[in-house]
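# Structural characterization, general
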Amino acid sequence: MSSELIVTAVQSRKDRKDFLKLPWTIYEGDPNWIPPLLVSHLGLIGFKKDAYYIRNKIQTFIARRGGKTVGRIAAILNQGHLDLYHDNRGFFGFFECFEDQEAANALFNAARVWLASHNIYNIRGPMNPSVNHELGTLIDGFQHRPMFMMTYNKPYYGQLIENYGFQKTQDMYAYTGYIEMLPNIMKRYRNFAQQIKERFHIRTRPLDTKNLEKDIRLFLDIYNHSISNTWGYVPMSQEELDQEAAGLKLLIVRELVVAAEIDGKTVGAIICLPDFNPRIKAIHGRIFPFGWTKLLWNKHAIQDIRVISVNVLPEYQMMGIPLVMLSDFVPLAQKWGIKKAEFSWVLESNSYSRGSLEKAGTIQEKTYRIYDFNASDKK
């Protein structure tokens, strides 16, 4: 490269502005790229107050060549992960870079040095900033635009990461179902779902809009407990749950939620959200001055949805409750006018969920990868 490469920690107002603006330059003209929703993005990268950083830390870095911003990265110390796994592992996230291996290497070095200053020598990513947020590098399915709160990147990103020395630790998949598949799926599973419902006296219900905040928080508590056996699981703190509930209150819709109860206790929930991404692209990720109105107006006009979570409390997970909830969700989806539903993300190691989705006829359209760099492997 002809110009000297300089990597610095983000400190000044200009640094922050350049860090934020870089994706607009990298993805200029890319029809599938969706800009971040800046109102939440600023908190997640540590540029404004966010519940995640009450117990965790982040340091952002920016790479410049000849005065031009060519890359960025964040080094993340996830105290919740360290307390749970004791694996001396930090994280990288919010990685964006031109096809410039020298710049990518320098950014990864900067993240590792910062983590080493906190006595952390292994690194995993990308996490933006954790397993409970957006994560993974897209490695297959570039012809499809991303769904709401899913990542997207240039095809060369995986090579930049692997060339540095990162190795695959886990893949994640996005499965897509189309409305025309529903008759065959329901013919196959409706009777079985009804048998499960009767055997365990399962009752399903929609979101209780009269107690909206309480119900959303209940569903998030179920999520927090249900993923305890999931690879990479880190429970959200109470402050994080409160913050997530406040955000979901604006985005969630009654018709796209189904909860399951046994003996009056809510034991599971399906949470789906309309795919807001086309609207986010139209407002360029900015909600002011009129972005909120354009984003949230007439949600029923959105015909694609993302199934974000299908969660059941651990002690009820072998009863087939997800099938009951999905069976009762189908009529709601048909009434809404849903054309496409993406189930994302599903871990490679989650053979049960993957098998269920594949048997139902859904199509694996995208693959995302999480990478590890282990200091012991590089000695």
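First, a word on what this report is: a plain description of the structure on this page. (Residues numbered from 1 in each chain as written. Predicted model: local features only at pLDDT ≥ 70, side-chain atom pairs only at ≥ 80, totals over all residues. Heavy atoms only, no water.)

### Some points on the layout of surface pockets
Estimates place the volume of the second largest pocket at around 250 Å³. Forming the boundary of the second largest pocket are K17, L20, K21, W24, L38, V39, L42, G285, R286, I287 and F288. For the lining of the second largest pocket, the secondary structure elements donating two or more residues are helix 1 (13-26) and helix 2 (38-44). Per element, the largest residue contribution to the lining of the second largest pocket is 4 residues, and it comes from helix 1. Its residues placed into classes, the lining of the second largest pocket shows 7 nonpolar, 1 polar and 3 charged. (1 Å grid on protein atoms, 1.4 Å probe; cavity = no way out; pocket = protein on both sides within 12 Å on 5 of 7 lines; lining within 4 Å. Points joined across faces, edges and corners; volume = space filled by probe spheres on them. Helix = DSSP H or I, 4+ residues; strand = E, 2+ residues; numbered from the N terminus. Nonpolar A, V, L, I, M, F, W, Y, C, P; charged D, E, K, R; others polar.)

### Side note on empty space enclosed by the protein
Counted under the stated rule, the structure contains 2 cavities of 30 Å³ or more. By volume, the largest cavity amounts to about 60 Å³. Around the largest cavity, the lining residues are N78, H81, F91, R124, M127, S130, V131, W231, G232 and V234. In the lining of the largest cavity, the residues fall into 5 nonpolar, 4 polar and 1 charged.

### Details of the nonpolar core
Counting 62 residues, the largest nonpolar core has I73, F92, F95, F108 and F166 as its most contacted members. The biggest single contributor to this core is helix 4 (residues 101-116), with 8 residues. Look past the residues within four positions of I73 in its chain and what remains in contact with it is F19, Q59, T60, F61, F92, G93, F94, F95, L107, F108 and A111. (Core = buried A, V, L, I, M, F, W, Y, C linked by side-chain atoms within 4.5 Å. Buried < 20%, exposed > 50% of the residue type's maximum accessible area, 1.4 Å probe, protein only. Contact = heavy atoms within 4.5 Å.)

### Regarding helix 6 (residues 182-199)
With 18 residues, helix 6 should reach 26 Å at 1.5 Å per residue; the first-to-last C-alpha distance of 25 Å fits that figure. Taking the largest bend as the criterion, helix 6 deviates by roughly 45 degrees, centred on Y189. For helix 6, the set of buried residues is L182, I185, M186, Y189, A193, I196 and K197. Tucked inside the fold, the buried residues of helix 6 contact strand 9 (167-178), strand 10 (202-205), helix 11 (321-336) and helix 12 (351-359). Trailing helix 6 by a residue or two, H201 shows a phi angle of about 55 degrees, which is positive. (Expected span 1.5 Å × (residues − 1). Bend = angle between axes of the 7 residues up to and from the residue.)

### Concerning the environment of F276
Relative to the helices and strands, F276 is located in the loop between strand 12 (265-274) and helix 9 (277-282). Sequence separation of F276 and F200 is 76 residues, and the distance between their C-alpha atoms is 36 Å. In this view, F276 contacts F148, L251, L295, L296, K299 and I302; residues no more than four positions away in its chain are not counted.

### Remarks on unusual backbone geometry
Look at the link from G125 to P126: it is a cis peptide, with omega at 0 degrees. Tracing the sequence through the fold places P126 in the loop between strand 5 (122-125) and strand 6 (127-128). A positive phi angle, near 65 degrees, is found at M149, a position not held by glycine. With respect to the helices, strands and loops of the structure, M149 is situated in the loop between strand 8 (137-140) and helix 5 (157-164). According to the relative accessible area criterion, M149 is partly exposed, its value standing at 33%.

### Brief notes about the pattern of salt bridges
Counted according to the given criterion, the structure contains 26 salt bridges. Of the charged contacts, one joins R203 and E261 as a salt bridge, the two residues approaching to 2.5 Å between their closest N and O atoms. Here R203 is found in strand 10, whereas its partner E261 is found in strand 11 (residues 257-262), with 58 residues between them in sequence. Here R203 falls in the partly exposed class, since its relative accessible area comes to 46%. As a salt-bridge pair, E315 and K265 come within 3.7 Å of each other at their nearest N and O atoms. Of this pair, E315 sits in the loop between strand 13 (304-312) and helix 11 while K265 sits in strand 12; the two residues are 50 residues apart in sequence, bridging distant segments of the chain. Where salt bridges share partners, they join E162, K168, D171, E348 and R369 into one cluster. (Salt bridge = Lys/Arg side-chain N within 4 Å of Asp/Glu carboxyl O.)

### Quick look at the packing of helix 7 (residues 212-226) against helix 8 (residues 238-251)
Two elements in contact, helix 7 and helix 8, have axes separated by 9 Å at closest approach and are oriented at 130 degrees. If you check the angle between helix 7 and helix 8, you find them oblique. Crossing of helix 7 against helix 8: the hand is right-handed. Facing L212, E213, I216, R217, L220, D221 and N224 of helix 7, the residues of helix 8 in contact are Q238, L241, D242, E244, A245, L248 and K249. Looking at the contact of helix 7 with helix 8 residue by residue, the classes come out as 6 nonpolar, 2 polar and 6 charged. (Axes fitted to C-alpha atoms, helices over the stretch in contact; angles between N-to-C directions. Parallel < 35°, antiparallel > 145°, perpendicular 65-115°, else oblique. Left-handed = near helix turned anticlockwise from the far one by under 90°.)

### Focus: the pairing of strand 4 (residues 89-97)
Burial analysis of strand 4 places 9 of its 9 residues in the buried class, which makes it a mostly covered element. Relative to strand 4, strand 3 (residues 68-77) runs antiparallel, the two being bridged by 5 bridges. Looking at strand 4, one finds that R72 is bridged to E96. Where strand 4 meets strand 5, 3 bridges bridge the pair, whose relative direction is parallel. Bridging from a neighbouring strand, F91 pairs with R124 of strand 5. For the segment spanning strand 4, helix 4 and strand 5, crossover handedness is right-handed. (Pairing = 2+ DSSP bridges. Right-handed = clockwise from strand over helix to strand, strands pointing away.)

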